[in-house]
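The residues making up each chain are set out below.
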Amino acid sequence: MPVTPTLKIKVWDWPTRLFHWLLVFSVSGAWISSFREYLLMEHVWFGHTVVGLLVFRIVWGWIGNGFARFREFVTGPQIVWEYAKMRFRNKAPRILGHNPLSAWMTVSLLLVLLGITLSGAVTLAGEEWIGPLAKYFSMEQGRFAKGIHVWLSYALLSLVTIHVLAAFLESFALRENLILAMISGFKRPPLEVETPLEKDKYSNGIKSVYPDVKLQYWFLSGFVLVVFALTVGVSFDYRTPLTQEALAEQQSPEHQLYMSECGSCHFGFHPSLLPHRSWEKMMSDLENHFGEDAWLDAETTQAILDYLGKNDAEHFQSEASFNLMENVADNELPLRITKIPYWLMKHEEISEQIYKRKSVRSPLNCGACHGYAEYGSFEDGHIRIPK
Amino acid sequence: MRFKFYRKARYQVFGFILVLMLSLSFGFRAQGQTPVSSAAKQVLESYLEIVRQEKPEFSGFDAKSGERFYFAEREHSRKGDSRSCALCHGDDPKSIGQHFTSGKMIKPLAPAANIERLTEVKKIDKWFRRNCKWTLERVCSTEEKGHFLTFLYSF
């Protein structure tokens, strides 16, 4: 079919375009949410979206329409070099899809993003002890991964800057709105430019590609189904029993002992929530423990007291412990966390109705509302009152 | 056409056998008795010895008496509320219970549902001591404890 200049050619198929803008959305989201600690869960959510998009794009690079296929646009270093030389002398042919340079930009963006998400997952598991991978990575590995995560993010930021600049410059140079093309999918048809380079590769070497539409259909619907099942069924809330168990395994034996002895009747309160004198008093009379017998043998009692002594409000200073202790005088001996003024002030709006819920049942059930209470963290971002 | 393989007779036979085997294996799983842990065995033997010293004619612990004990409600002398083992451990020892005052989830008490249960002599003693005191305001008798453990193994 002869192409007339008024005709437009569909270059970017709709899945590729959707992919591009969703990636812009989720990478920006991940970037913005990385500025605040309490947006961690949002950050992770954006990260997951990026992973899903990457999986999609890599498969689409094989089964997508011609312009989306890696085989059609990724070229060897020699051609890239030749093209670059021509481009800077402003003698390069106009190429409909990715030119050899932008092809490598695409590939590097994808690779860097892959590295960022992988190192992010390891950071989350190792350093923050969150997620199903928490069991498999240590704190040091998490720290190491975080370094990679951060540096790759800087690399990504530079790549994105170059990518956006190039898109603008090329738009002016070619007098064609490339950004609009990524929205509509259409571009001007190629002019007949004679080039010394392999014509088939550069002008529009797509004619040989006939995508398997049925395969695309199955992949797209399967992909959407899997993503849907993951978001709805598995839910990206990390407070699953699986995570809790993985976390427990990461903890020191002393912490585990404390949790199994003092976390059996009620939620295991983090030692930092009370001062040392309070724990000492409480541990000295476990037989009469708030109307219950919590008796322990002398050896276990001592071991727990040692653990409490290393992590109490004086030693493990967190936001929560600092605020709780602020208005407790040195001569006071609080035994109940839930009677400390700061606690009462922060929870006064919680109605009886909420405590009647089976999922909460009592103010002592800190973990029901505070995702990471077990680790002494009561960040606003992790508060969720269960139904 | 390609996707209708399940219409073919041999796939139907295969599917039938698969479902049959699955349901059989579930059936067997439910039938199997949970083995008594060595700790529980040790505890039960010593209980039996103690009870036989007082009642030589004692025939052995039975799950029915244990069940009655598990559900028996008793009014607390000071608090006035009625308390039973089931209050925290739930109506079904095979499923998760919830601590009455703190709301904390308690893992199932029956070893059939939670293999970590009744595997440590010290732990069994400790919890009998605590829970009997809270529920009954006294210690549990050896006979009661024996019936109770036998009941937990009856699942």
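Scoring rules and cut-offs
Residue positions within a chain follow its written sequence, with the count starting from 1. Each chain is given a letter, starting from A, and each ligand a number, starting from 1, according to the order in which they appear as written. Predicted model: local features are reported for residues with pLDDT of at least 70 only, side-chain atom pairs are reported and counted for 80 or more only, and whole-chain, interface and lining totals are derived from all residues. To get the side-chain values, take all heavy atoms of the structure and skip hydrogens and water. Counting from the N terminus, the helices are the DSSP runs of H or I reaching at least four residues and the strands are the DSSP runs of E reaching at least two. Should any heavy atoms of two residues lie within 4.5 Å, those residues are counted as being in contact. Computed with the Shrake-Rupley method and a 1.4 Å probe, the accessible areas treat only the protein chains shown as cover for residues. Only protein chains enter the accessibility calculation, which uses a 1.4 Å probe; a residue is then buried when its area is under 20% of its type maximum, exposed when over 50%, and partly exposed in between. Buried area adds together the accessible area that both of two parts lose upon being put together, with accessible area traced by a 1.4 Å probe. A pair is scored as a salt bridge if a Lys or Arg side-chain nitrogen falls within 4 Å of a carboxyl oxygen belonging to Asp or Glu. We call two N or O atoms a polar contact when they sit within 3.5 Å, provided that within protein one can donate a hydrogen and the other can accept it, with sequence-adjacent residues counted only if both atoms are side-chain atoms. Under the scheme applied here, ten amino acids are nonpolar (Ala, Val, Leu, Ile, Met, Phe, Trp, Tyr, Cys and Pro), four are charged (Asp, Glu, Lys and Arg), and all others, including Gly, are polar. Between 30 and 60 degrees the pair is tilted, below 30 it is stacked and above 60 it is edge-to-face, where a pair is any two Phe, Tyr or Trp rings, Trp via its six-membered ring, whose centres lie within 6.5 Å. Either the NZ atom of lysine or the CZ atom of arginine qualifies as a charge over a ring when it sits within 6 Å of the ring centre and within 35 degrees of the ring normal. Residues belong to a common nonpolar core when they are buried Ala, Val, Leu, Ile, Met, Phe, Trp, Tyr or Cys residues joined through side-chain atoms within 4.5 Å. Here an angle of 0 to 180 degrees is reported between the N-to-C directions of two axes, which are lines fitted to C-alpha atoms, with helices fitted over the stretch in contact. Small angles under 35 degrees read as roughly parallel and large ones over 145 as roughly antiparallel, with 65 to 115 read as roughly perpendicular and the rest as oblique. Here a helix's expected span is defined as the number of its residues, less one, multiplied by 1.5 Å. Arc definition: it is the arc formed by the directions from the helix axis to the C-beta atoms.

Details of the overall build of chain A
Part 1 of the reasoning: The helix and strand tally for chain A stands at 17 helices and two strands.
Part 2 of the reasoning: Taking the intrachain contacts of chain A between residues at least 6 apart in sequence as the baseline, contacts between residues at least 24 apart amount to 68%.
Part 3 of the reasoning: A total accessible area of about 22,400 Å² is found for chain A, and carbon and sulfur atoms account for 65% of it.

Some points on the overall build of chain B
Part 1 of the reasoning: For chain B, the helix and strand inventory stands at six helices and four strands.
Part 2 of the reasoning: Its helices and strands taken in sequence order, chain B reads α-α-α-β-β-α-β-β-α-α from the N to the C terminus.
Part 3 of the reasoning: Looking at chain B as a whole, 36% of its 155 residues qualify as buried.
Part 4 of the reasoning: For chain B, the proportion of contacts with a sequence separation of at least 24, taken over those separated by at least 6, is 52%.
Part 5 of the reasoning: Split by element, the accessible area of chain B, about 10,300 Å² in all, is 59% carbon and sulfur.

Structural notes on the environment of proline 386 of chain A
Residue and element names in this part refer to chain A.
Part 1 of the reasoning: Mapped onto the fold, proline 386 is located in the segment after helix H17 (366-369).
Part 2 of the reasoning: By relative accessible area, which is 12% here, proline 386 ends up buried.
Part 3 of the reasoning: When sequence neighbours within four positions are dropped, the list of residues in contact with proline 386 reads Arg357, Ser359, Val360, Ala368 and Cys369.

Re the interface of chain A and chain B
Part 1 of the reasoning: Taken together, the contact between chain A and chain B spans 22 residues of the former and 17 residues of the latter.
Part 2 of the reasoning: Between chain A and chain B lies a buried interface of about 1,800 Å² when both sides are counted; carbon and sulfur atoms form 43% of it.
Part 3 of the reasoning: Counting the surface chain A buries against chain B, the share from its top three residues, Cys265, Asp293 and Arg361 of chain A, is 30%.
Part 4 of the reasoning: If you look at where chain A meets chain B, you find five salt bridges.
Part 5 of the reasoning: A salt bridge links arginine 129 of chain B to aspartate 293 of chain A, with the shortest nitrogen-to-oxygen separation between them at 3.2 Å.
Part 6 of the reasoning: Linking chain A with chain B are 13 residue pairs in polar contact (both at pLDDT 80 or more), by the criterion used here.
Part 7 of the reasoning: Split into classes, the residues belonging to the side of chain A that touches chain B amount to eight nonpolar, six polar and eight charged.

Description of the packing of aromatic side chains
Both the distance between ring centres and the angle between the ring planes are used here to describe each pair of aromatic rings.
Part 1 of the reasoning: In this structure the tally under the stated criterion is 22 aromatic pairs over all chains.
Part 2 of the reasoning: Through successive ring pairs, a cluster of aromatic residues spans Phe69, Tyr70, Phe71, Phe128, Phe148, Phe151 and Phe155 of chain B.
Part 3 of the reasoning: The cationic tip of arginine 57 of chain A hangs over the ring face of phenylalanine 19 of chain A; the distance from NZ or CZ to the ring centre is 5.9 Å.
Part 4 of the reasoning: The positively charged end of arginine 83 of chain B is found above the aromatic ring belonging to tryptophan 134 of chain B, 3.8 Å away from the centroid.

Regarding the nonpolar core
Residue and element names in this part refer to chain A.
Part 1 of the reasoning: Formed by 30 residues in total, the largest nonpolar core has its most connected members in Tyr258, Phe269 and Ile304.
Part 2 of the reasoning: Secondary structure elements with two or more residues in this core: helix H11 (253-262), helix H12 (276-284), helix H13 (298-311), helix H14 (319-326) and helix H16 (352-356).
Part 3 of the reasoning: By residue number, the principal contributor to this core is H13, which donates four residues.

So, the packing of H12 of chain A against H13 of chain A
Packed helices, taken two at a time, are described by the angle between their axes plus the distance between the axes.
Residues and elements named next belong to chain A.
Part 1 of the reasoning: Interaxial distance between H12 and H13 falls to 10 Å at its minimum, and their mutual angle equals 170°. In terms of axis orientation, H12 runs roughly antiparallel to H13. Of H13, the residues touching H12 (which contributes His276, Trp279, Glu280 and Met283) are Thr301, Ile304, Leu305, Leu308 and Gly309.
Part 2 of the reasoning: Partitioning the contact of H12 with H13 into residue classes produces five nonpolar, three polar and one charged.

Regarding the pattern of salt bridges
Side chains that differ in charge, positive against negative, can pair when their charged atoms come close.
Part 1 of the reasoning: For the structure on display, the rule yields 13 salt bridges over all chains.
Part 2 of the reasoning: For lysine 133 of chain B, the salt bridge identified is with aspartate 293 of chain A, shortest N-O distance 3.3 Å. Separated into two different chains, lysine 133 of chain B in helix H5 (residues 121-136) and aspartate 293 of chain A in the loop between H12 and H13 make up a pair that spans both.
Part 3 of the reasoning: Given the relative accessible area of 36%, lysine 133 of chain B is considered partly exposed.
Part 4 of the reasoning: Notably, a salt bridge pairs aspartate 297 of chain A with lysine 122 of chain B, separated by 3.4 Å at the nearest N-O pair. Here lysine 122 of chain B lies in helix H5 and aspartate 297 of chain A lies in the loop between H12 and H13, a pairing that spans two chains.
Part 5 of the reasoning: With relative accessibility at 22%, the residue aspartate 297 of chain A sits in the partly exposed group.
Part 6 of the reasoning: Its relative accessible area of 56% is what places lysine 122 of chain B among the exposed residues.
Part 7 of the reasoning: A single network of salt bridges, built from pairs that share partners, joins Glu287 and Asp293 of chain A together with Arg129 and Lys133 of chain B.

Structural notes on H13 of chain A
Part 1 of the reasoning: In a regular helix each residue adds 1.5 Å, so 14 residues correspond to 20 Å; H13 of chain A covers 20 Å between its end C-alpha atoms and thus fits that length.
Part 2 of the reasoning: On its buried face, H13 of chain A is in contact with H11 and H12 of chain A.

Structural notes on H12 of chain A
Residues and elements named next belong to chain A.
Part 1 of the reasoning: Looking at H12, one finds that the buried residues are Ser278, Trp279, Met282 and Met283. Seen from one end, H12 has its buried residues packed into an arc of 125°, which puts them on one side.
Part 2 of the reasoning: As for H12, its buried residues are in contact with H11 and H13.

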